[in-house]
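# Observations on the model geometry
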Amino acid sequence: MKGKIFMILFALPFFGIGVWMGYSVGTHLYDAWQVQAWAPVQAELHSAGYETHSGDDSDTYEAYAEFSYRHDGQLYVSRRVSLAGGSDNIGDFQQDLGRRLSGAMSRREAVTAWVDPDDPSNAVIDKTLRWGLIGFKSIFFLVFGGAGLGLIVFSLRAPAEKDLSAPRYADAPWLANDAWQGGDIRSSSKTSMWVAWGFAAFWNLVSSPVIFFIYPEVVEKGNTLALIALLFPLVGMGLFWWAIGRTLEWRRFGPAPVVLDPFPGAIGGHVGGTIDIRLPYDPGTRFSVTLTSLHSYMSGSGDNRSRRESAKWQDSQVAHATAGSKGTRLTFRFDVPKGLEESDAAQSGDAYNVWRLNLKATMPGTDIDRDYEIPVYATGAQSRELATFAINEAKAEQRDIDLDVIRDLVSLDHGMSGKSMLYPVGRNLYNGLVGFIFGAIFSAIGWFLVTREALWFMGGIFGLVGSVIAVSAVYYAFNSLEVIQAGDSLKTIRRVFGLAIRSRTMRRSDFVRFRKKSSMSTQQGTRHVMHYTLYAVDAAGRKLVVGEGFRGSSQAEAAADFIGREFGLDGKQSIDDASEDFGNMNVLTAD
């Protein structure tokens, strides 16, 4: 309850500003409509010009005048210059009007004023409807008022805070989340659609005054550089296109909830279920399902705090598709290892754990791309209702896909001395170049701080970090790994630019198992991709890198089978999981 009251009190000033600006805009429009019926009269100026009001950040201007006029034989005096009173710096309206009136007064010229027939004491000189000012105030009305009203409504409709220590949550902590009351879990697609529209509307409202200012700047003043400002409304159009895409995705596929079996998903057991999509069944469409364990946390300090996510474990598979009552039914099941973190039902505080299921498929027209945040707990439960043949067919298809990827990734050669497998130079070229540019920018900042600002300590830190990133990126992009079977030995050679920098050997008879480990995680938006490295482990626990760059746990396991068969390790392809998170940036693993 206290949280709701605090949020409402926080939102009220924003809502108040919106209401005030809405009233101001409404008054301006009403006066502009009323003045059309007012009578013109000749007025004599007694004083005129404009004043400059200096503020902390900018100056504002206000045109003024005192004039007298006669209506029905009676003399009146007024000081109302324009429909919108007060000072502003929206364009040059105030300065231009003040200069025009001042010039007319110095030439002893009469000016036209507009008089309210119902109240002759009410008159105005300029009846221009200022669209630029209306647009500027409308931003505050819509953005501040909308944000304040949205926060108030959200606070009033938010569910009451739950006491997670209550006995009912001791054995079923997932029930503390209102979205996890049963096995039917909806995606975030509808929410993301509204967020897309809200962000697009916000951006376009903020950037819309640019349109009113471009014309006088470019046409009247010849300032062609001002055309750069058109980038903001162009970005706004792109955001609207994004929102339209999210809407089309929602309308085409519908809610498409996932029904979990077991519920909740089980660490040390299964995470599986079915998804019914409002789409005619097409055997040629391949649906990919990705399950990711994430740690969500706050990064930074003060005003620079932001929420980030790091992937802990990930696996992908092809869902088994069949005709269903609503169109297409998808069936999937993941085998989740023990030792991973459980979901946090409250999802509050600086840090918590999230399990995210993603469904994705490319097809003619709008593609499907759904995220589901699902409950996963260490119950060890297994699926009971899922068809075994569907799961086996999906796993077989995924294994074929993984093997095709592995064959494309490596170059296998049969020589006189045995087999060799090469992970070639350039397989990580794109990420390496991105990392090099990032590191070069850091190094350049460090060089500038040292040479221009004499900030040796700060500049040295930037330069050192940038140099490490740049050198690591070069290594990442231009290294190769060769795995060689030479007699009873398994040998690996690491090269950079074709030059051997490390060589290691293991007797095949000493090999006991494979080990897969997440070597890095990359992120694009909410999409995480975990990359796994595969090790050969001997009886003494020594490790030898035999594969890297595999996406997801299943692909690493398929690589273990492939390498085991090719290098005579059949029957010894047992694999353990030593997943370890390295954050959401490219991190290099040295063998």
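Note: the structure precedes this text.
Quick summary incoming for the structure in this document. Quick caveat: nothing in here was measured; it's all calculated off a predicted structure.

Thresholds applied
Note on numbering: residues in each chain are counted from 1, in written sequence order. Totals for whole chains, interfaces and linings use all residues, but because this is a predicted model, local features are given only for residues with pLDDT of at least 70 and pairs of side-chain atoms are given and counted only at 80 or more. Values reported for side chains reflect all heavy atoms of the structure, with hydrogen atoms and water molecules removed beforehand. To qualify as a helix, a DSSP run of H or I must reach at least 4 residues; to qualify as a strand, a run of E must reach at least 2; elements of each kind are numbered from the N terminus. Here the expected length of a helix is defined as 1.5 Å per residue gap, with one fewer gap than residues. Exposure classes here rest on a 1.4 Å probe applied to the protein chains alone. A residue is buried below 20% of its type maximum, exposed above 50%, and partly exposed in between. By definition, two strands form a pair when at least two bridges between them are found by DSSP. Contacts: residue pairs with any heavy atoms within 4.5 Å of one another. Each axis is a line fitted through C-alpha atoms, and for a helix only the stretch in contact is used; angles between axes span 0 to 180 degrees, taken between their N-to-C directions. The working definition used for a salt bridge is a side-chain nitrogen of Lys or Arg within 4 Å of a carboxyl oxygen of Asp or Glu. Residues grouped as a nonpolar core are buried Ala, Val, Leu, Ile, Met, Phe, Trp, Tyr and Cys residues, joined through side-chain atoms within 4.5 Å. Note on terminology: angles under 35 degrees are roughly parallel, angles over 145 are roughly antiparallel, angles of 65 to 115 are roughly perpendicular, and the others are oblique. Here is the rule for handedness: rotate from the far helix to the near one, and if that takes an anticlockwise turn smaller than a right angle the crossing is left-handed, while a clockwise turn gives right-handed. Residues are sorted three ways: Asp, Glu, Lys and Arg are charged, Ala, Val, Leu, Ile, Met, Phe, Trp, Tyr, Cys and Pro are nonpolar, and all the rest, Gly among them, are polar.

### Describing helix 9 (residues 456-478)
- When the terminal C-alpha atoms of helix 9 are compared, their 32 Å separation across 23 residues agrees well with the 33 Å that a helix rising 1.5 Å per residue should span.
- The set of residues buried in helix 9 consists of G459, G463, G466, I469, A470, A473, Y476 and A477.

### Regarding the sheet that holds strand 6 (residues 184-185)
- Taking strand neighbours across the sheet as the criterion, the five strands line up as 6-7-9-13-12 in an open arrangement whose pairing is antiparallel. The sheet terminates laterally at strand 6 and strand 12 (320-324), the two strands that pair on one side only.
- Here strand 9 (residues 270-277) runs beside strand 13 (residues 327-335); their pairing, made up of eight bridges, is antiparallel. Paired with D276 across the bridge in strand 13 is R329.
- This element, helix 7 (residues 388-409), spans strand 12 and strand 13 of the sheet and lies at about 75 degrees to strand 13.

### With respect to the pairing of strand 3 (residues 74-78)
- Sheet analysis places strand 2 (residues 59-71) next to strand 3, joined by five bridges and oriented antiparallel. Its bridge partner being in strand 3, F67 is matched across the sheet by S78.
- Hairpin connection of strand 2 to strand 3: two residues between the antiparallel strands, including D72 at a positive phi of 55 degrees.

### Some remarks on the pattern of salt bridges
- For the structure shown, the criterion picks out 23 salt bridges.
- When the shortest N-O distance is used, the salt bridge between R100 and D126 registers 3.4 Å. With R100 in helix 2 (residues 93-106) and D126 in the loop between strand 5 (119-124) and helix 3 (131-157), this residue pair connects regions lying 26 residues apart in the sequence.
- Linked by salt bridges that have partners in common, R246, E249 and R370 make up one network.

### Re the nonpolar core
- Core analysis: the largest hydrophobic core is formed by 71 residues, its most contacted members being I277, F287 and I374.
- Contacts of I374, omitting those with residues within four sequence positions, involve W180, I185, V258, L260, V271, L291, S343, W355 and L357.
- By size, the runner-up hydrophobic cluster in this structure holds 19 residues, among which are A43, A63, A104 and A113.

### With respect to the pairing of strand 13
- Most of strand 13 sits out of view: seven of its nine residues are buried.
- As judged from the five bridges shared by strand 12 and strand 13, these two strands associate in the antiparallel manner. Across the sheet, residue G324 finds its bridge partner in strand 13, namely G327.
- From the end of strand 12 to the start of strand 13, which pair antiparallel, there are two residues.

### Section: helix 10 (residues 553-566)
- Counted at 1.5 Å a residue, the expected span for helix 10 with its 14 residues is 20 Å, and the 20 Å between its end C-alpha atoms agrees.
- By the burial criterion, the buried members of helix 10 are S553, S554, Q555, A556, A558, A559, A560, F562, I563, G564 and E566.
- Downstream of helix 10 by one or two residues, G568 has phi in the positive range, about 70 degrees.

### So, the sheet that holds strand 5
- The strand order across the open sheet built from five strands is 3-2-1-4-5, with neighbouring strands paired in antiparallel fashion. With partners counted over all chains shown, the strands left at the sheet margins are strand 3 and strand 5, one partner each. On average, each strand axis in the sheet is tilted by 35 degrees relative to the strand beside it, whichever way the strands run.
- The sheet strands contacting helix 2 are strand 1 (39-54), strand 2 and strand 4 (111-116), and the helix crosses strand 1 at an angle near 125 degrees.

### Re the environment of L260
- In this structure, L260 sits in strand 7 (residues 258-260).
- Distance in space between the C-alpha atoms of L260 and I185 is 7.7 Å, their sequence separation being 75 residues.
- With near-sequence residues (within four places) excluded, L260 lies in contact with G183, I185, G265, G272, G273, I374 and P375.

### So, the environment of S58
- Mapped onto the secondary structure, S58 falls in the loop between strand 1 and strand 2.
- What makes S58 partly exposed here is its relative accessible area of 39%.
- Residues within four places of S58 in sequence aside, it is in contact with H53 and N89.

### Quick notes on the packing of helix 4 (residues 189-207) against helix 6 (residues 231-253)
- With their axes 8 Å apart at the nearest point, helix 4 and helix 6 run at an angle of 160 degrees to one another. On the basis of the axis angle, helix 4 is roughly antiparallel to helix 6. In this structure, the crossing between helix 4 and helix 6 has a hand that is left-handed.
- Residue composition of the contact of helix 4 with helix 6, by class: 17 nonpolar, six polar and three charged.

Functional significance is not addressed by these values, which are geometric in nature.
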